[in-house]
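Here's the letter readout for the chains.
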Amino acid sequence: ERQAVQPLLAATRQLPQRPLGRVDNHRDLSIESVRNDLALGESALANFICDALLARCRAQGVAADMAMIDSSVVRSGLPAGGPLTRGDWLRVMPYADTIRLLRLTGRDLYNLLQDNARRVGRLDEPHTERGFLHWSRQVRYLIDPGASRRSAGVQMATVDGSPLEWQPERILTVACPSFVRQLAESWERRAAAELGFVPLALQPWPAADTGLFLRQELMTYLEQAGGVTAAAGARRDGRLRVLWSTLMARPSYVARVD
């Protein structure tokens, strides 16, 4: 029995060192950026994860129109400019989320984006988990943060290149992690009690679990794509812009296209 178990243990210990490719030297991939900037606007790492999530759904025969994640799914950054291992990615995604499908209309999506604008990180507030969502490339929009969270809003939202306001009855399937926004519940309660608005809940929309594990699907994508690189989707493409005023903006927070 010991002779049978020891090789299995040895193989298991080697799994974290299994190579998945390489990591580009982009600021958005760093530990510092993940800790401080991920809810402040567009992120090359969040773009990569959302697009990879959608690609893996489709590769597995799961029909989805777009994908979204919140910032809680990403718990660490990466060794920028170096090799990538399974252990590195397990630190980025330590949780065993499955992939869930939400069904909503174009009107629902617009309301969700409006709600998301109220959750964006603001330069005059401490960081906390508010459930800010990032989207795959099919969704593009602007956030005007306004003078307060209550007055924040969305502009120029498009899906698949067409204005979202032209698609109010379109039925959309959104792929997302099973744990999306659950860490934001304490902030949502405070927002309803103290900030003067009721955050939008995801629960009323029809949902179905695919049984696919997000972390495993992403590692499959990484192996096939050769790592977290611009060529594989780790870049900013302007899908989200936050219209900070000149007085509020900081260089690391201003959206740009890389």
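The structure displayed is predicted, hence computed values, not measured ones.

A. Region of interest: the environment of L112. Residue placement: L112 occurs in helix α5 (residues 106–117). Of the residues examined, L112 reaches a relative accessible area of 1% and is grouped as buried. Once you skip the residues sitting within four places of it in the chain, L112 turns out to touch M68, L104, L133, W135, R181, L200, L202 and W205.

B. Spotlight on the side chain of T229. Tracing the backbone shows T229 in the loop between β11 (227–228) and β12 (240–242). Dropping the residues within four chain positions of it, T229 is found in contact with R22, D24 and A234.

C. Seen up close, the pattern of salt bridges. Considering all chains together, one arrives at 19 salt bridges under this definition. Salt-bridge contacts for R119 lead to D115; the nearest nitrogen and oxygen are separated by 2.7 Å. As far as the burial class goes, R119 and D115 line up, both buried. Among the ionic pairs, E125 bridges to R130, the shortest N-O distance being 3.1 Å.

D. Geometry of the environment of R239. With respect to the element layout, R239 can be found in the loop between β11 and β12. Residue classification places R239 among the buried residues on the basis of a relative accessible area of 4%. Other than its neighbours up to four places away in sequence, R239 contacts E42, N47, D51, W135, S136, R137, V139, R140 and Y141. At a separation of 2.9 Å, a polar atom in the side chain of R239 contacts the main-chain carbonyl oxygen of W135.

E. View of the packing of aromatic side chains. Counted according to the given criterion, the structure contains 3 aromatic pairs. Taking the centre distance of 5.6 Å and the plane angle of 75° together, the rings of F48 and Y221 count as edge-to-face. Of this pair, F48 sits in helix α3 (residues 44–59) while Y221 sits in helix α7 (residues 214–225), placing them 173 residues apart in sequence. Of the two residues, F48 and Y221, neither departs from the other in class, the shared state being buried. Taking the centre distance of 6.2 Å and the plane angle of 55° together, the rings of W187 and F197 count as tilted. Here W187, found in helix α6 (residues 185–195), pairs with F197, found in the loop between α6 and β10 (207–213); they are 10 residues apart in sequence, far enough to count as distant. Exposure class is identical for W187 and F197. Each is buried. By way of ring pairs, the aromatic residues F48, W89 and Y221 are connected into one cluster. The ring centre of F197 lies 4.6 Å from the NZ or CZ of R118, which sits over that ring.

The rules we used
Residues numbered from 1 in each chain as written. Predicted model: local features only at pLDDT ≥ 70, side-chain atom pairs only at ≥ 80, totals over all residues. Heavy atoms only, no water. Helix = DSSP H or I, 4+ residues; strand = E, 2+ residues; numbered from the N terminus. Buried < 20%, exposed > 50% of the residue type's maximum accessible area, 1.4 Å probe, protein only. Contact = heavy atoms within 4.5 Å. Salt bridge = Lys/Arg side-chain N within 4 Å of Asp/Glu carboxyl O. Polar contact = N/O pair within 3.5 Å; in protein donor to acceptor, adjacent residues only side chain to side chain. Phe/Tyr/Trp six-rings, centres within 6.5 Å; stacked < 30°, edge-to-face > 60°. Lys NZ or Arg CZ within 6 Å of the ring centre and 35° of its normal.

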